[in-house]
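Each chain is listed here by its residues.
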Amino acid sequence: MADNDKEVLTKEGKENIEKKLNHLINVEKPRALSDLNLARSQGDLSENADYDAARERVQELETEINKLQYTLDHCIVLDDGDVKAGDLHTCRLGGGKITVKNIEKGTVETFSIVGSAEADPLNGKISNTCPVAIAVLGHRAGDMVEVQVKTPYSLVIENIEEN
């Protein structure tokens, strides 16, 4: 897998995925297997809805565990030590919170740019592949950028907080 095909994670994002994976393996999966064994002990499996539901839950957990493990095995973790001194005050992946103002609407938004596996727009974490992130990456506070979407619009970067 080429480096540009690898998932990009912040250090915090990697730690969160590791915690979730650990929880799934050590808490959720044993609980689901216990439920499966209990349902299996109830007799005829052909008409046992509890067994079918428990089996499906185990399969869902296995899929999620495999997905998270794959992400961890095939990711690039951003290291703040790799950031050049001149880049500290620019919009960057894994950097601090960025506050932008939409020129036309006058609305103000604050977000951080993270890898797509960590993206959570409702909590202010946008993917490095989304149009807004692509527009602001590498720019400094005070810069005006144009977001390239079907109907392009302009943003002014008002502030960049450091981590």
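Residues numbered from 1 in each chain as written. Predicted model: local features only at pLDDT ≥ 70, side-chain atom pairs only at ≥ 80, totals over all residues. Heavy atoms only, no water.

Engineer: How would you summarise the overall build of the protein if you had to cite specific residues and measurements?
Structural biologist: Along the backbone of the protein there are three helices and seven strands. The proportion of buried residues among the 163 residues of the protein is 32%. When contacts within the protein are restricted to residue pairs at least 6 apart in sequence, long-range pairs at least 24 apart make up 52% of them. Element-wise, carbon and sulfur atoms account for 49% of the exposed surface of the protein, whose accessible area totals about 10300 Å². (Helix = DSSP H or I, 4+ residues; strand = E, 2+ residues; numbered from the N terminus. Buried < 20%, exposed > 50% of the residue type's maximum accessible area, 1.4 Å probe, protein only. Contact = heavy atoms within 4.5 Å. Areas by Shrake-Rupley, 256 points an atom, 1.4 Å probe, with all protein chains shown as cover.)

Engineer: Tell me what's going on with the pairing of strand S3 (residues 98-102), and back it up with residues and numbers.
Structural biologist: Burial analysis of S3 places four of its five residues in the buried class, which makes it a mostly covered element. Pairing of S3 with strand S4 (residues 108-114), which is carried by four bridges, proceeds in the antiparallel orientation. Bridge pairing in S4 places valine 100 opposite glutamate 109. Hairpin connection of S3 to S4: five residues between the antiparallel strands, including glycine 106 at a positive phi of 75°. (Pairing = 2+ DSSP bridges.)

Engineer: Requested: an account of the environment of tyrosine 70, with residues and values cited.
Structural biologist: Along the chain, the position of tyrosine 70 falls in helix H2 (residues 49-73). Take tyrosine 70: its relative accessible area is 44%, and that puts it in the partly exposed class.

Engineer: Got a sec to walk through the nonpolar core? Specific residues and values, please.
Structural biologist: Nonpolar side chains in soluble globular proteins generally cluster together in the buried interior. In this structure, Ile98, Val100, Phe111, Ile113, Val136 and Ile157 are the most contacted members of the largest nonpolar core, which totals 17 residues. Mapped by element, the contributors of at least two residues to this core are S3, S4, helix H3 (131-136), strand S6 (144-147) and strand S7 (153-160). When residues of this core are assigned to their parent elements, the largest contribution, four residues, is made by H3. Setting aside its immediate chain neighbours within four residues, valine 136 contacts Cys91, Ile98, Val100, Phe111, Ile113, Val145 and Ile157. (Core = buried A, V, L, I, M, F, W, Y, C linked by side-chain atoms within 4.5 Å.)

Engineer: Outline the pattern of salt bridges, listing residues and values.
Structural biologist: Applying the stated rule across the entire model yields seven salt bridges. Glutamate 62 is the salt-bridge partner of lysine 29, the closest N and O atoms lying 2.4 Å from each other. Here lysine 29, found in helix H1 (residues 11-40), pairs with glutamate 62, found in helix H2; they are 33 residues apart in sequence, far enough to count as distant. For glutamate 62, a relative accessible area of 27% puts it in the partly exposed group. (Salt bridge = Lys/Arg side-chain N within 4 Å of Asp/Glu carboxyl O.)

Engineer: So what about the confidence of the model for the protein? Which residues, and what values?
Structural biologist: When pLDDT drops low, the exact placement of atoms in the prediction is not to be read closely. Chain-level pLDDT for the protein is 87 on average; 88% of the residues reach the 70-or-more range. For the protein, the element scoring lowest by mean pLDDT is strand S1 (residues 7-9), at 83; S6 scores highest, at 96. (pLDDT = per-residue confidence, 0-100.)

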